[in-house]
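Next come the chains, spelled out residue by residue.
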Amino acid sequence: MTGLLLGLTLGIGLFLVWWSCWVPDPGERRRPPRVGALELLRDEVVQSGLSGLTVRSLLLACTSSFVLVLAIVWVGVGVLPIAVCFAVLAAVLPVAYVRRRARRRRAVLRDLWPDAVDNITSAVRAGMALPEALGQLGDRGPEPLREPFRRFAEDYRLTGRFSDCLDRLKERLSDPVGDRLVESLRIAREVGGSDLGRLLRTLSVFLREDARTRAELETRQAWTVNAARLAVAAPWVVLALMSTRPESVEAYASGLGAAVLAVGAAVTAAAYWLMVRIGRLPEEQRVLR
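Each value, and the rule that gives it
Residues numbered from 1 in each chain as written. Predicted model: local features only at pLDDT ≥ 70, side-chain atom pairs only at ≥ 80, totals over all residues. Heavy atoms only, no water. Axes fitted to C-alpha atoms, helices over the stretch in contact; angles between N-to-C directions. Helix = DSSP H or I, 4+ residues; strand = E, 2+ residues; numbered from the N terminus. Parallel < 35°, antiparallel > 145°, perpendicular 65-115°, else oblique. Contact = heavy atoms within 4.5 Å. Nonpolar A, V, L, I, M, F, W, Y, C, P; charged D, E, K, R; others polar. Salt bridge = Lys/Arg side-chain N within 4 Å of Asp/Glu carboxyl O. Buried < 20%, exposed > 50% of the residue type's maximum accessible area, 1.4 Å probe, protein only.

J.: Would you explain the packing of helix α9 (residues 162-173) against helix α10 (residues 176-191) in this entry?
T.: A pair of packed helices is captured by two measures, namely the crossing angle of their axes and the spacing between those axes. Between α9 and α10, the least distance of the axes is 9 Å, while the angle of their chain directions is 175°. In terms of orientation, α9 lies roughly antiparallel with respect to α10. The residues of α10 that touch α9, namely those facing Phe162, Ser163, Leu166, Asp167, Leu169, Lys170 and Leu173, are Gly178, Asp179, Val182, Glu183, Leu185, Arg186 and Arg189. Each residue belonging to the contact of α9 with α10 can be placed in one class, and the counts come to six nonpolar, two polar and six charged.

J.: I'm lost on the pattern of salt bridges in this one. Help?
T.: Should their charged atoms come close, side chains of opposite charge can pair. A complete count under the given rule lists 14 salt bridges for this structure. For Glu183, the salt bridge goes to Arg186, with nearest N and O atoms at 3.2 Å. Linking Glu183 with Arg186, this pair stays in helix α10, spanning three residues, or about one helical turn. There is no split in this pair, since Glu183 and Arg186 are both buried. Connected through shared salt-bridge partners, Glu39, Arg42, Asp43 and Glu171 make up one network.

Set out below in structure tokens:
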């Protein structure tokens, strides 16, 4: 009888161990879906502030740059591997420009968001309704933020649906700070209460401290990023100068020369990514889409 009980206990224990390997983790079920590369690129396009630019037109510009530079360098130099290298660099430039512009604009907006939050706080304390307090930023808020809030006011006048207008405002801003502000106001609107002013003041203080700390760190880390860019550009500038003399680049027309260029491009890309990864501060991600 004792052996039967021990065997049954062992069997149940082994079954529970086996079952635990197939039961999904509750934390994994709550994990938000990963954002795709195109969605991240769309956020960069919106944050860059380039009116009329879309992801499709940006990708079309990259493709056109690749084809144009490939044809020009191939005709001028006569070495296809070199032409492909410079064509790839030209194809990356539009995306790099948009991302750099978006990064700079985020830095500007990071300093302006506390003023916008203070403006909303003052409007709410003056007795304005929450939609009106948001809409007046289109006329009295910081200049770079006026257009999205002006369109929010127009949407609210047309539909009167506050939640839907907030969703469209989030899409027009595509900014992590804007997401937090919008969701805070949505909760305040739905739940109600008298803590909205305190919430906005706390958010304003937090944004100012975050902007001040990040600005100091970015100033100290800027030299690392600039060194990475210089190290990446130097070998390709030398290659461009060598391409002016056809006898200097004949070796790259062979298979071994193409392999050398491919390995050099891969090493350059990996080194640049690693140096930027180490030196640049992590960008705040949109988690409240």
